[in-house]
Amino acid sequence: MRANEIKDLIIKGDAAGTAWGVEEMLAAGLAVDDIIQGILVSAMNVVGERFREGQIFVPEMLIAARAMKAGLKILEPLILQAGRKYLGKVVIGTVKGDLHDIGKNLVGTMLQGAGWDVVDLGVDVAPEKFLKAVKEQKPAAIGLSALLSTTMGSMKTVLGLLEQEGLRSQVKVLVGGAPVSEKYATEIGADGYAPDAGTAVHVFARYAS
Ligand code: B12
């Protein structure tokens, strides 16, 4: 099977075919990162484009997401087997009103593989819930994910709440997700931004204990 054929399986939402294709790519010696970026993420970008152009709708996007998750599941043990030294604790979550979790999950898995203890608050996480987690878990950093331009504003609310509660200096705040940029991160006063999970591992590493 070729990379493009697997991309087509993801776009069509064939989860079993995707999983099988990813296994075949691994057996052929392709690196995990290349499978993620070159095949899985690339396929989801096509799905996003087609949705934007009105060629497909939410149900198709949803089954494509399921296929992508099936592919990632095959790769997960390989990402986690790294077993490096303990780096500290991070809290991650997708912001309020936002249900996209593939990117957030991938960042979480890669951070775990790098040696972080990852507390995942899930999706649609209210700012108050991030605040509560900072108080209770005392993480070195929190990672906020947003995929919608209508929900990314919630990141600023989280930063404001931390400030208001006198906790801002105790925790680093990293942001990411398709509509988020380095410029936006600076604008809202976040400590860091990463465009993908691989870069996120490097950015979080700055705050390791
Ligand atoms: C799959 C998908 C869905 C699935 C999500 C399933 C799931 N469980 O996640 C479903 C069908 C549910 C969905 C719903 C919707 N979606 Co949608 N979706 C997508 C799609 C196609 C792929 C997203 C994805 O998984 N990408 C793959 C992952 C690996 O990439 P990623 O998420 O960007 O994450 C990487 C980086 O951003 C970064 N990162 C992510 N988070 C973080 C956090 C930190 C701290 C750091 C450092 C880095 C980081 O690292 C990640 C890994 O490399 C995108 C298109 C796209 N190209 O993004 C549209 C897209 C995001 N969706 C869109 C829209 C409009 C919607 C809906 C509003 C549609 C509707 N009319 O109902 C709803 C909203 C639902 C809601 N309330 O959240 C638009 C958003 C437009 C905008 N700018 O606001 C997009 C861009 C499609 C488009 N081109 O129009 N969607």
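Scoring rules and cut-offs
- Residues numbered from 1 in each chain as written.
- Predicted model: local features only at pLDDT ≥ 70, side-chain atom pairs only at ≥ 80, totals over all residues.
- Heavy atoms only, no water.
- Helix = DSSP H or I, 4+ residues; strand = E, 2+ residues; numbered from the N terminus.
- Rg over C-alpha atoms; globule rule 2.2 N^0.38 Å.
- Buried < 20%, exposed > 50% of the residue type's maximum accessible area, 1.4 Å probe, protein only.
- Contact = heavy atoms within 4.5 Å.
- Areas by Shrake-Rupley, 256 points an atom, 1.4 Å probe, with all protein chains shown as cover.
- Lys, Arg positive; Asp, Glu negative; His and termini not counted.
- Charge placed at Lys NZ, Arg CZ, Asp CG, Glu CD.
- Donors = N, O, S within 2.8 Å, 3.2 Å for Na, K, Ca; no water.
- Domains from an automatic or database assignment.
- Buried area = accessible area lost by both parts, 1.4 Å probe.
- Salt bridge = Lys/Arg side-chain N within 4 Å of Asp/Glu carboxyl O.
- Polar contact = N/O pair within 3.5 Å; in protein donor to acceptor, adjacent residues only side chain to side chain.
- Nonpolar A, V, L, I, M, F, W, Y, C, P; charged D, E, K, R; others polar.
- Pairing = 2+ DSSP bridges.
- Axes fitted to C-alpha atoms, helices over the stretch in contact; angles between N-to-C directions.
- Right-handed = clockwise from strand over helix to strand, strands pointing away.
- Arc of directions from axis to C-beta.
- Core = buried A, V, L, I, M, F, W, Y, C linked by side-chain atoms within 4.5 Å.

Draft legend 1. A look at the overall build of the protein chain. In terms of regular secondary structure, the protein chain is built from 9 helices and 5 strands. When the helices and strands of the protein chain are listed from N to C terminus, the series reads α-α-α-α-β-α-β-α-β-α-β-α-β-α. At 17 Å, the protein chain has a C-alpha radius of gyration in line with the 17 Å of a compact globule built from 209 residues. Taking the principal axes of the C-alpha coordinates as reference, the protein chain spans close to 55 × 40 × 25 Å. Within the protein chain, the proportion of its 209 residues that are buried is 46%. A sequence separation of at least 24 residues applies to 71% of the contacts in the protein chain between residues at least 6 apart. With the model as given, the accessible surface of the protein chain reaches about 10500 Å², and the carbon-plus-sulfur share is 54%. Side chains of the protein chain give 22 positive and 24 negative charges; the mean places of these two sets differ by 5 Å.

Draft legend 2. Here's a closer look at the coordination of the cobalt atom of the ligand. Within the protein, just one atom coordinates the cobalt atom of the ligand: His100 (NE2), at a distance of 2.3 Å. In this structure, histidine 100 sits in the loop between strand E1 (88-94) and helix H5 (102-114).

Draft legend 3. Main features of the domain arrangement of the protein chain. Taken as a whole, the protein chain is organised into domain 1 (3-80) and domain 2 (88-205). On a C-alpha basis, the centroid separation for the pair domain 1 and domain 2 is 24 Å. Residue-level contacts link 11 residues of domain 1 with 9 residues of domain 2. Summing the contributions of domain 1 and of domain 2, the shared interface buries around 810 Å²; its carbon and sulfur component is 77%. It is Lys69, Ile79 and Leu80 that lose the most area in domain 1 upon contact with domain 2, and together they represent 52% of the buried surface on that side. On the surface where domain 1 and domain 2 come into contact, there are 1 salt bridge. Between aspartate 101 and lysine 69 there is a salt bridge, with the nearest N and O atoms lying 2.9 Å from each other. Applying the counting criterion to the domain 1 and domain 2 interface returns 1 residue pair in polar contact (both at pLDDT 80 or more). Contributing elements (two or more residues each) for the side of domain 1 that touches domain 2: helix H3 (32-52) and helix H4 (58-80). With 7 residues, H4 is the single largest residue contributor to the side of domain 1 that touches domain 2. Class assignment for the residues of the side of domain 1 that touches domain 2 results in 7 nonpolar, 1 polar and 3 charged.

Draft legend 4. Representation of the sheet that holds strand E4 (residues 172-176). Pairing in this open sheet of 5 strands is parallel, and the strands run E2-E1-E3-E4-E5 from one edge to the other. Among the strands making up the open sheet, the edge pair consists of strand E2 (116-120) and strand E5 (192-193). In this sheet, strand E3 (residues 141-145) lies alongside E1 in parallel orientation, the contact comprising 5 bridges. Of the residues in E3, the one forming a bridge with valine 91 is isoleucine 142. Against the sheet, helix H6 (residues 127-137) makes contact with E1, E2 and E3, and its axis sits at roughly 170 degrees relative to E1, the strand it touches most.

Draft legend 5. Summary view of the pairing of E1. By the criterion of burial, E1 is predominantly enclosed, with 6 of the 7 residues buried. One crossover worth recording links E1 to the parallel E2 by way of H5, and it is right-handed.

Draft legend 6. Region of the structure containing H6. Turning to H6, its buried residues number three or more, namely Pro127, Phe130, Leu131, Ala133 and Val134. Projection of H6 onto a plane perpendicular to its axis shows the buried side chains occupying an angular sector of 160 degrees, all on one side. Summarising the contacts, the buried residues of H6 are in contact with E1, E3 and helix H7 (153-164). Positive phi appears at lysine 138, one or two residues downstream of H6, with a value of about 45 degrees.

Draft legend 7. Spotlight on the nonpolar core. Membership of the largest hydrophobic core comes to 40 residues, with the highest contact counts inside it found for Ile10, Met44, Leu111 and Phe204. Those elements giving two or more residues to this core turn out to be helix H1 (3-12), helix H2 (15-27), H3, H4, E1, H5, E2 and helix H9 (197-205). Counting contributing residues per domain, this core is built from domain 1 (3-80) and domain 2 (88-205), each supplying no fewer than three. If we ignore the near neighbours within four places in the chain, the residues touching isoleucine 10 are Thr18, Ile39, Leu40, Ala43, Met44, Ala64, Ala67 and Met68.

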